[in-house]
Amino acid sequence: MGTVKHMSRLTAVLAVLGVIATATAGAASASTAMIPHPGPPGGDAGNAGAAGPSPVTHTVVVGGMPGWQIAVIAVAAALIAAVAAVLLDRTRSARRRLAGTPA
């Protein structure tokens with residue numbers, strides 16, 4: 001029963017760490033969206049109402065991760081989790097068998 005208690009504590013700690021990581025990532029992306037843009041060069045207050053042509057923006061992707069790499073990482077994580085689950089189940093059943101046999 002102590003093992004189950006420790007596993008539930010570990011699960012709770014991992015869940016809290018996941019929530020903290022998600023909140024931090026959300027705050028980071030929101031904070032970069034709030035960067036103020038500087039005004040026009042020269043700071044001409046007389047033309048404050050006149051808006052110039054809006055600049056043309058081009059999205060340039062200089063990095064990132066291809067989809068196949070993401071898929072490989074997801075498959076590897078699933079395999080690692082499956083192996084860990086099988087090993088944990090075998091360990092628990094072996095301990096039960098050892099605890100059940102009289103000495």
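Scroll up a little and you will see the structure.
The text that follows walks through the structure, step by step, so that each part is easy to find. Computed from a predicted model, the values in this text were never measured in an experiment.

What about the overall build of the protein chain?
Turning to step 1, where the next piece is worked out: For the protein chain, the count of helices and strands is 2 helices and 0 strands.
Turning to step 2, where the next piece is worked out: Entry remark: accessible area of the protein chain is about 9,300 Å², with carbon and sulfur atoms responsible for 71%.

Comments concerning a nonpolar patch on the surface
Turning to step 1, where the next piece is worked out: Residues Met 7, Leu 10, Val 13, Leu 14, Val 16, Leu 17, Ile 20 and Leu 88 make up a contiguous nonpolar surface patch of about 710 Å² in total accessible area.
Turning to step 2, where the next piece is worked out: Looking at the nonpolar patch, the element that brings in the most residues is helix 1 (residues 2-33), giving 7 residues.
Turning to step 3, where the next piece is worked out: Structurally, the position occupied by Ile 20 is in helix 1.

Cut-offs used in this document
Residues numbered from 1 in each chain as written. Predicted model: local features only at pLDDT ≥ 70, side-chain atom pairs only at ≥ 80, totals over all residues. Heavy atoms only, no water. Helix = DSSP H or I, 4+ residues; strand = E, 2+ residues; numbered from the N terminus. Areas by Shrake-Rupley, 256 points an atom, 1.4 Å probe, with all protein chains shown as cover. Patch = residues over 30% accessible without salt bridge, like charges linked within 9 Å, V, L, I, M, F, W, Y side chains within 5 Å. Salt bridge = Lys/Arg side-chain N within 4 Å of Asp/Glu carboxyl O.

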